[in-house]
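Tertiary structure, described
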Amino acid sequence: MPNASAFERLPCRPQVRVTVFVEGAPVEMQAHDSAAAAVLAAGLLPSRTTPAGDSPRAPYCLMGACFECLVEIDGAPNQQGCMIPVRDGMRIRRQYGARDMHGEGPHGDA
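Note that the structure is predicted; figures quoted are calculated from it, not measured.

Further remarks concern the nonpolar core. Counting residues in each nonpolar core, the largest one holds 17 residues, and the members touching the most others are Val20, Val22, Met29, Met90 and Ile92. Mapped by element, the contributors of at least two residues to this core are strand E1 (17–22), strand E2 (25–30), helix H1 (35–41) and strand E5 (70–73). If sequence neighbours within four positions are ignored, methionine 29 has contacts with Arg9, Val16, Arg17, Val18, Val20, Ala37, Ala38, Ala41 and Val86.

Below, the structure written as structure tokens:
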């Protein structure tokens, strides 16, 4: 998937590349990037909605303070995407509204 966002990577020495899947679409990232960076690179906005009111949210501070980057990673909900480095084959999905104790979304999806 081409870079669908306005974010441009600064030049740096070559890094190991990995492929992650954001909402099922492959996105090539550098191994030191975060899951939240993959969401932004894929242009996936909003990346979640709030439990109260379904307000759209997206990664914001990218340092673990605001919790706006919550996504589902490899089937586990409520993951702080900015704090989790990507790894080859990682699957990242949007998180809609409130999650129940069993990890299911508001529509019964896992």
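What follows concerns unusual backbone geometry. For the bond from leucine 45 to proline 46, the omega torsion is -5 degrees, close enough to zero to count as cis. Topologically, proline 46 is positioned in the loop between H1 and strand E3 (48–49). One non-glycine residue with positive phi stands out, namely aspartate 74, at about 50 degrees. The topology assignment puts aspartate 74 in the loop between E5 and strand E6 (76–80). Aspartate 74 sits in the partly exposed class, given a relative accessible area of 40%. Even without a glycine there, the phi angle at asparagine 78 is positive, about 60 degrees. Looking at where asparagine 78 falls in the secondary structure, it is placed in strand E6. On the basis of relative accessible area, asparagine 78 is assigned to the partly exposed category, the value being 43%.

Judged by pairing direction, the sheet is mixed, and its five strands sit side by side in the order E2-E1-E7-E5-E6 without closing on themselves. For this open sheet the edge positions go to E2 and E6, each flanked by a neighbour on one side alone. Neighbour-to-neighbour, the strand axes of this sheet turn through a mean angle of 40 degrees, independent of strand direction. Direction of pairing for E1 relative to E2: antiparallel, over a ladder of six bridges. Residue pairing in the sheet places valine 18 in a bridge with methionine 29 of E2.

This part covers the side chain of glutamate 68. Looking at where glutamate 68 falls in the secondary structure, it is placed in the loop between strand E4 (56–57) and E5. For glutamate 68, a relative accessible area of 19% corresponds to the buried category. In this structure, glutamate 68 is in contact with Ser47, Arg48, Arg57, Ala58, Pro59 and Tyr60, ignoring residues within four places of it in sequence.

Let us now look at the packing of aromatic side chains. A complete count under the given rule lists zero aromatic pairs for this structure. Above the ring of phenylalanine 21, the side-chain terminus of arginine 91 is found at 4.4 Å from the ring centroid.

Assignment of secondary structure puts alanine 98 in the segment after strand E7 (91–93). Using a relative accessible area of 41% as the deciding quantity, one classes alanine 98 as partly exposed.

Cut-offs applied
Residues numbered from 1 in each chain as written. Predicted model: local features only at pLDDT ≥ 70, side-chain atom pairs only at ≥ 80, totals over all residues. Heavy atoms only, no water. Core = buried A, V, L, I, M, F, W, Y, C linked by side-chain atoms within 4.5 Å. Buried < 20%, exposed > 50% of the residue type's maximum accessible area, 1.4 Å probe, protein only. Helix = DSSP H or I, 4+ residues; strand = E, 2+ residues; numbered from the N terminus. Contact = heavy atoms within 4.5 Å. Pairing = 2+ DSSP bridges. Axes fitted to C-alpha atoms, helices over the stretch in contact; angles between N-to-C directions. Phe/Tyr/Trp six-rings, centres within 6.5 Å; stacked < 30°, edge-to-face > 60°. Lys NZ or Arg CZ within 6 Å of the ring centre and 35° of its normal.

That is the geometry; function is a separate question.
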